[in-house]
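In case you want the letters, here they are:
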Amino acid sequence: QVQLVESGGGLVQAGGSLRLSCAASGRTFSDYAMGWFRQAPGKEREFVAGISWGGRITYYADSVKGRFTISRDNAKNTVYLQMNSLKPEDTAVYYCASSRATAPPRRTSLYAYWGQGTQVTVSS
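Because the structure is predicted, anything quoted here is derived from the model rather than measured.

Structural notes on the packing of aromatic side chains
Each aromatic ring pair is specified by the distance between its two centres and by the angle formed by the two planes.
Inference 1: Tallied over the full model, the rule gives 5 aromatic pairs.
Inference 2: Geometrically, the ring pair formed by Phe37 and Phe47 is edge-to-face, given 5.6 Å between the ring centres and 80° between the ring planes. Taken together, the residues span a long stretch of sequence, with Phe37 in strand S4 (residues 33-39) and Phe47 in strand S5 (residues 46-51) at a distance of 10 residues. Per residue, the accessibility class of Phe37 equals that of Phe47, and both read buried.
Inference 3: Relative to Tyr111, the ring of Phe37 has its centre 5.0 Å away and its plane inclined at 80°; by these criteria the two rings are edge-to-face.

Focus: the nonpolar core
Inference 1: Formed by 29 residues in total, the largest nonpolar core has its most connected members in Trp36, Leu81, Met83 and Tyr94.
Inference 2: Of all the secondary-structure elements, those providing two or more residues to this core are strand S1 (2-7), strand S3 (18-26), S4, S5, strand S7 (68-73), strand S8 (78-83), strand S9 (92-99) and strand S11 (118-123).
Inference 3: If you tally residues by element for this core, the top one is S3, at 4 residues.
Inference 4: Excluding residues that lie within four positions of it along the chain, Met83 makes contacts with Gly16, Ser17, Leu18, Leu20, Arg67, Phe68, Tyr94 and Val120.

Focus on the pairing of S7
Note on strand geometry: in a regular strand, side chains alternate between the two faces of the sheet.
Inference 1: Of the two faces of S7, only the one carrying Phe68, Ile70 and Arg72 is buried; Thr69, Ser71 and Asp73 on the other face are not.
Inference 2: Direction of pairing for S7 relative to S8: antiparallel, over a ladder of 6 bridges. Bridge pairing in S8 links Arg72 to Val79.
Inference 3: With antiparallel pairing between neighbouring strands as the criterion, S7 and S8 make up a hairpin whose turn holds 4 residues, including Asn77 at a positive phi of roughly 55°.

Focus on the environment of Gly50
Inference 1: As for its position among the elements, Gly50 is in strand S5.
Inference 2: For Gly50, a relative accessible area of 0% translates into the label buried.
Inference 3: Separated by 29 residues in sequence, Gly50 and Val79 place their C-alpha atoms 9.8 Å apart.
Inference 4: Setting aside chain neighbours within four positions, we find Gly50 in contact with Met34, Gly35, Ile57, Thr58, Tyr59, Ile70 and Pro104.

Quick notes on the pairing of S11
Inference 1: The alternating pattern of S11 places Thr118, Val120 and Val122 on a buried face and Gln119, Thr121 and Ser123 on a face that is not buried.
Inference 2: For strand S2 (residues 10-13) and S11, the ladder comprises 4 bridges, and the chain directions are parallel. If you follow Val12 over to S11, its bridge partner there is Val122.
Inference 3: Bridge count for S9 against S11 is 3 bridges, and the pairing is antiparallel. Paired with Tyr94 across the bridge in S11 is Thr118.

Conventions we followed
- Residues numbered from 1 in each chain as written.
- Predicted model: local features only at pLDDT ≥ 70, side-chain atom pairs only at ≥ 80, totals over all residues.
- Heavy atoms only, no water.
- Phe/Tyr/Trp six-rings, centres within 6.5 Å; stacked < 30°, edge-to-face > 60°.
- Helix = DSSP H or I, 4+ residues; strand = E, 2+ residues; numbered from the N terminus.
- Buried < 20%, exposed > 50% of the residue type's maximum accessible area, 1.4 Å probe, protein only.
- Core = buried A, V, L, I, M, F, W, Y, C linked by side-chain atoms within 4.5 Å.
- Contact = heavy atoms within 4.5 Å.
- Pairing = 2+ DSSP bridges.

Right, here's the structure in full:
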C-alpha cells in the first residue's frame, strides 16, 4: 500500500507559477514511477507528466511541455511538479499517482495508487 498526499495548489493569475508536492508513505517510494494527472470539471482525467523511479525518464503532455517540470527526491519520498507560465486552461484538480511500470505510463489504468488531489485555479 502507498499513501500519497498532494499539496501546493491554490489560486494564481495567468502567467504565474506554482509548485505542487506529493509526499508518499508506505512501500518503498523509489520502486515506483510517478505521474501527475489533472481533471477539469466535466472532463476526463488526463496525463500531465511522469517520471521514472530513478528520475532519468520524464514524459510530458504536449499542452504543458516547456512550462511544467516534474522531479523527485527519493530521499524525501516526494515528487514535485513545477508549473510556470500558467494559463486559465490549466485550472483543474491535480493528482499524483504511483505505478510499478519501469517508465511512467500515460494511462490512468496503469497507476495503482492515487492521492486525493489539490485544486489549481488560474485566473485570467
